[in-house]
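Letter by letter, the chains look like this.
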Amino acid sequence: MTSPGAPARATLDKAADENFPVAPFFLPRAWRADLMAVYGYCRLVDDIGDGDLAPGGADARALGVDPDEACDRLVMLDAFETDLGRVFGSGDPRHPLLRRLQPTVRRHRLTPDPFTGLIEANRQDQSVRRYATYDDLLAYCELSANPVGRLVLAITGTTSPERVRRSDAVCSGLQIVEHLQDVAEDLAQDRIYLPAEDMLRFGVSEDDLAAPSAGASVRALVAFEAERARGLLNEGTSLVGSVQGRLRLLLAGFVAGGRAALRAVEAAEFDVLQGPPKPTKPRLLREVGATLRGEG
């Protein structure tokens, strides 16, 4: 029989596959614990929204949902939000990842808004499968990505209006990079995060995105969106320079992870249809150095 904590551990293990370091070894232990607690929450809500939960229904049972309904993403998101309410209330959360999150929330006096925003983004994913404009996509990133950076700032005690603005740019950039890497995977779930206005501009159809490899028009479109993402990430250079010590290295890792992923997309000649281009560790380290030096 699967142990109750096994799905939670499997969720946390996914941190190794992210484009950016989640809670690297050089951070204080307390920060690492809190960042991993937030990561576990973020990863689980995305897995619910993507239908990517561990088999066996353990997450559903933990949330009080009949395992037969585990495939109903909206039911699971509703149950997850109910359990999140216990994190901010006086009760004990049911899911182990939310029990892990509760001390972090209390220690840093975190508010519900970033957490509920992530749930709302995943609800949106169940009904909104195309984005007409780039502004529409950025509005989605406001729910799906930007809360994560705000939580990092809150946990590290470095929140300010200017840092939040810069952090939002970095997080939106990271989200767009991930969408570029996952064009084929998203299409398999009937989702397209490339703005329809840009697809029209470059003469790209949905059939073009379903091809085994990218033609010239798709590559041109991906290159265009990659440059937009690069501009957002470059706004993060001043965010990195606004803090000191190990936090500076952590934030540089976030920015560098996105830049390294963009380098991988570029190295694939912007053909993202054959599988997600992944950066190498040496490339990531070079990008960290460049980010710390304030280079765009």
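Quick caveat: nothing in here was measured; it's all calculated off a predicted structure. (Residues numbered from 1 in each chain as written. Predicted model: local features only at pLDDT ≥ 70, side-chain atom pairs only at ≥ 80, totals over all residues. Heavy atoms only, no water.)

Quick look at the overall build of the protein chain
Helix and strand content of the protein chain: 16 helices and zero strands. Taken over C-alpha atoms, the radius of gyration comes to 19 Å for the protein chain, in line with the 19 Å a tight globule of 296 residues would show. Along the longest, intermediate and shortest principal axes, the C-alpha atoms of the protein chain span 55 × 45 × 35 Å. A burial count over the protein chain gives 48% of its 296 residues as buried. Considering only contacts within the protein chain whose residues lie at least 6 apart along the sequence, 68% involve residues at least 24 apart. On the protein chain, roughly 13,400 Å² of surface is accessible, and the fraction owed to carbon and sulfur atoms is 53%. Treating the 35 positive side-chain charges of the protein chain as one cloud and the 43 negative ones as another, the clouds have centres 10 Å apart. (Helix = DSSP H or I, 4+ residues; strand = E, 2+ residues; numbered from the N terminus. Rg over C-alpha atoms; globule rule 2.2 N^0.38 Å. Buried < 20%, exposed > 50% of the residue type's maximum accessible area, 1.4 Å probe, protein only. Contact = heavy atoms within 4.5 Å. Areas by Shrake-Rupley, 256 points an atom, 1.4 Å probe, with all protein chains shown as cover. Lys, Arg positive; Asp, Glu negative; His and termini not counted. Charge placed at Lys NZ, Arg CZ, Asp CG, Glu CD.)

Focus on the nonpolar core
Tyr41, Phe80 and Leu209 are the most contacted members of the largest nonpolar core, which totals 78 residues. The biggest single contributor to this core is helix H2 (residues 29-50), with 10 residues. Other than its neighbours up to four places away in sequence, Leu209 contacts Val183, Leu187, Ile192, Leu194, Met199, Val204, Val218 and Leu273. (Core = buried A, V, L, I, M, F, W, Y, C linked by side-chain atoms within 4.5 Å.)

Structural notes on empty space enclosed by the protein
Over the atoms rolls a probe the size of a water molecule, and in doing so it shows where empty space is left. Evaluation of the coordinates by the stated rule reveals two cavities of 30 Å³ or more. As a volume, the largest cavity reaches approximately 60 Å³. His179, Val183, Asp186, Leu187, Arg191, Ile192, Tyr193, Leu194 and Leu209 are the residues that line the largest cavity. With three residues, the single largest contributor to the lining of the largest cavity is helix H10 (residues 183-188). Here the lining of the largest cavity is built from residues that sort into six nonpolar, one polar and two charged. Empty space within the second largest cavity amounts to approximately 30 Å³. Counting residues per element, the lining of the second largest cavity draws most heavily on helix H9 (residues 161-181), which supplies three residues. (1 Å grid on protein atoms, 1.4 Å probe; cavity = no way out; pocket = protein on both sides within 12 Å on 5 of 7 lines; lining within 4 Å. Points joined across faces, edges and corners; volume = space filled by probe spheres on them. Nonpolar A, V, L, I, M, F, W, Y, C, P; charged D, E, K, R; others polar.)

Re H2
Here H2 is 22 residues long and its end C-alpha atoms lie 31 Å apart, about the 32 Å a rise of 1.5 Å per residue gives. Residue Gly51 follows H2 closely and has a positive phi angle near 65°. (Expected span 1.5 Å × (residues − 1).)

Some thoughts on the pattern of salt bridges
Close approach of charged atoms allows side chains with opposite charge to pair. In total, this model carries 22 salt bridges according to the counting rule given. For Asp78, the salt bridge goes to Arg123, with nearest N and O atoms at 2.9 Å. One end of the pair, Asp78, is in helix H4 (residues 73-88); the other, Arg123, is in helix H6 (residues 113-127), and 45 residues separate them in sequence. Overlapping salt bridges bring together Asp78, Glu81, Glu120 and Arg123 as one network. (Salt bridge = Lys/Arg side-chain N within 4 Å of Asp/Glu carboxyl O.)

Topic: the side chain of Arg230
Here Arg230 lies in helix H13 (residues 216-234). Under the relative-accessibility criterion, Arg230 is labelled buried at 18%. For Arg230, the contacting residues outside a window of four places in its chain are Leu262 and Glu266.

A word on the state of the cysteines
Joining two cysteines, a disulfide is a covalent bond between their sulfur atoms. On inspection of all chains with the given rule, the structure shows zero disulfides. Cys42 takes part in no disulfide bond, and the closest cysteine sulfur, belonging to Cys171, lies 9.8 Å away. The exposure class assigned to Cys42 is buried, which follows from its relative accessible area of 10%. Lacking any disulfide linkage, Cys141 is separated from the closest cysteine sulfur, that of Cys171, by 9.6 Å. (Disulfide = S-S within 2.5 Å.)

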